[in-house]
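# Summary of structural features
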Amino acid sequence: GIHELMFTGIGTITALIVFIKFDWKLGLIAAAFITLILFIGIKSYILNNRAFIHYSINAEDRVKNIGLENLAQITLIRSTFAGNEANRKLRHFTQKSMFIERASWSTFYLLNMFMRMLYFGMLFFLILYLFSMIKEGIVTPILATTLLITFFNGTYEITKVGRRVY
């Protein structure tokens, strides 16, 4: 919940401060990438929820309404004659509901994968920048590795921002 969001924020801010203190260009590149990832992540999850939540609720409501209708028909004498029709309707609306649910989960997992790919793309560019700093003699390989591990530990949770409602 909110505690995870707070720890994510603290870890990200700490990693950015370390990068900015060490090299302001590196810190600005990392801050720009993190801002971009957060913006894309939150916006895409909001759009995904807008696209599916309404349809998912309607589909579930239809299934529940058909179920209640079937229960009401049990007490009526016509239930024996309408059983096949009720089963067909229930099966139809259940399949529609399952299709919407499956589409919603599929896009959710695709968004998660996309967020991780963006994050690892950001790490790739930061690694390239650190390699250039190593070649110039500004930083040692051990220090560059330490900076990268610190950054990774502090910021990996940003790939999960947007998935939860806080």
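Residues numbered from 1 in each chain as written. Predicted model: local features only at pLDDT ≥ 70, side-chain atom pairs only at ≥ 80, totals over all residues. Heavy atoms only, no water.

Of regular secondary structure, the protein chain possesses four helices and zero strands. Buried positions account for 31% of the 166 residues belonging to the protein chain. Put simply, of all contacts in the protein chain between residues at least 6 apart along the chain, 80% involve residues at least 24 apart. Approximately 11000 Å² of the protein chain is accessible, and the part contributed by carbon and sulfur atoms is 71%. (Helix = DSSP H or I, 4+ residues; strand = E, 2+ residues; numbered from the N terminus. Buried < 20%, exposed > 50% of the residue type's maximum accessible area, 1.4 Å probe, protein only. Contact = heavy atoms within 4.5 Å. Areas by Shrake-Rupley, 256 points an atom, 1.4 Å probe, with all protein chains shown as cover.)

Glancing now at the nonpolar core. In terms of nonpolar packing, the biggest core is built from 25 residues, with Phe19, Tyr119, Met122, Leu126, Leu130 and Phe151 touching the most fellow members. Looking at this core, the elements that each hand over two or more residues are α1 (2-22), α2 (24-74), α3 (79-135) and α4 (141-155). No other element matches the ten residues that α3 contributes to this core. (Core = buried A, V, L, I, M, F, W, Y, C linked by side-chain atoms within 4.5 Å.)

On to the packing of aromatic side chains, then. Applying the stated criterion across every chain, the model contains eleven aromatic pairs. Each ring, one from Phe19 and one from Phe151, has its centre 4.7 Å from the other, and the planes form 25°; the classification is stacked. Of the two residues, Phe19 is situated in helix α1 and Phe151 in helix α4; the sequence distance between them amounts to 132 residues. For Phe19, a relative accessible area of 1% gives the class buried. Geometrically, the ring pair formed by Tyr45 and Phe108 is tilted, given 6.0 Å between the ring centres and 55° between the ring planes. (Phe/Tyr/Trp six-rings, centres within 6.5 Å; stacked < 30°, edge-to-face > 60°.)

What follows is about the confidence of the model for the protein chain. On average, the protein chain scores 81 in pLDDT, and the residues at 70 or more come to 84%. When pLDDT is averaged over each element of the protein chain, α4 comes out on top at 90 and α2 at the bottom at 80. (pLDDT = per-residue confidence, 0-100.)

Now for a nonpolar patch on the surface. Among the surface-exposed residues, Phe124, Phe125, Leu128 and Phe131 lie close enough to one another that they form a single nonpolar patch of about 420 Å² accessible area. Note that Phe125 resides in helix α3. The class for Phe125 is partly exposed, based on a relative accessible area of 46%. (Patch = residues over 30% accessible without salt bridge, like charges linked within 9 Å, V, L, I, M, F, W, Y side chains within 5 Å. Salt bridge = Lys/Arg side-chain N within 4 Å of Asp/Glu carboxyl O.)

For Ile34, the location among the structural elements is in helix α2. For the pair formed by Ile34 and Leu16, sequence separation is 18 residues and the distance between their alpha carbons is 9.3 Å. Once residues within four sequence positions are removed from consideration, Ile34 is found in contact with Thr12, Leu16, Met122, Phe151, Thr155 and Ile158.

Moving on to the environment of Phe131. Tracing the backbone through its elements, the reader meets Phe131 in helix α3. When the C-alpha positions of Phe131 and Ala144 are compared, they lie 8.0 Å apart, and in sequence the two are 13 residues distant.

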